[in-house]
Amino acid sequence: RIKIKVYNYIISPKKTILLTLKGCLKSTLFLSSMVGTIRYVICKLKSVNGPLNGKHGLLIGFCSGISILCESDGKACEMTLQLFPRFCEAIFHHL
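Residues numbered from 1 in each chain as written. Predicted model: local features only at pLDDT ≥ 70, side-chain atom pairs only at ≥ 80, totals over all residues. Heavy atoms only, no water.

*Asks:* Please give an account of the side chain of Ser64 that cites residues and values.
*Replies:* Structurally, Ser64 can be placed in helix α3 (residues 54–65). Under the relative-accessibility criterion, Ser64 is labelled buried at 7%. Ignoring sequence-local partners within four residues, the contact set of Ser64 consists of Met34, Thr37 and Ile38. (Helix = DSSP H or I, 4+ residues; strand = E, 2+ residues; numbered from the N terminus. Buried < 20%, exposed > 50% of the residue type's maximum accessible area, 1.4 Å probe, protein only. Contact = heavy atoms within 4.5 Å.)

*Asks:* Give a description of the layout of surface pockets that names residues and reports values.
*Replies:* Taken as a whole, the largest pocket holds about 670 Å³ of empty space. In terms of lining residues, the largest pocket is bounded by 18 residues, among which Gly61, Phe62, Gly65, Leu83 and Phe87 are the most central. Of all the elements in the fold, those that place two or more residues in the lining of the largest pocket are α2 (13–49), α3 and α4 (73–94). Here the element with the most residues in the lining of the largest pocket is α4; it accounts for seven residues. Classifying every residue of the lining of the largest pocket by side-chain character gives 11 nonpolar, six polar and one charged. (1 Å grid on protein atoms, 1.4 Å probe; cavity = no way out; pocket = protein on both sides within 12 Å on 5 of 7 lines; lining within 4 Å. Points joined across faces, edges and corners; volume = space filled by probe spheres on them. Nonpolar A, V, L, I, M, F, W, Y, C, P; charged D, E, K, R; others polar.)

By themselves these figures say nothing about function.
The following block contains the structure:
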C-alpha cells in the first residue's frame, strides 16, 4: 500500500504540492485566527471590565475555539480529542 501512495505522488507531483500547500494554508489560518481572537477578546474584556478573572478565561477559550472551523474535519477531530481532556481538567480545577 505504501508503494502505491508513493507511486501516486511521483506520478502527479503538482497535485501533491497543491494539497500540501492547501493543508499548510489551512493550518496557518487556524493558528493565526485563534491567536488573533484570543488577543482581541482579551483586549476588549480588559477595556470593558478591567482586570481578568477565571470566568473570562472560559469566554476567551470558547471564542478562540470557534476558529477550529477553519481546519479540515480530520485534523479538527484529532485536535478536539487531544484537547478535550485538558478542557475537562481546567473546568474541574475552576469549579
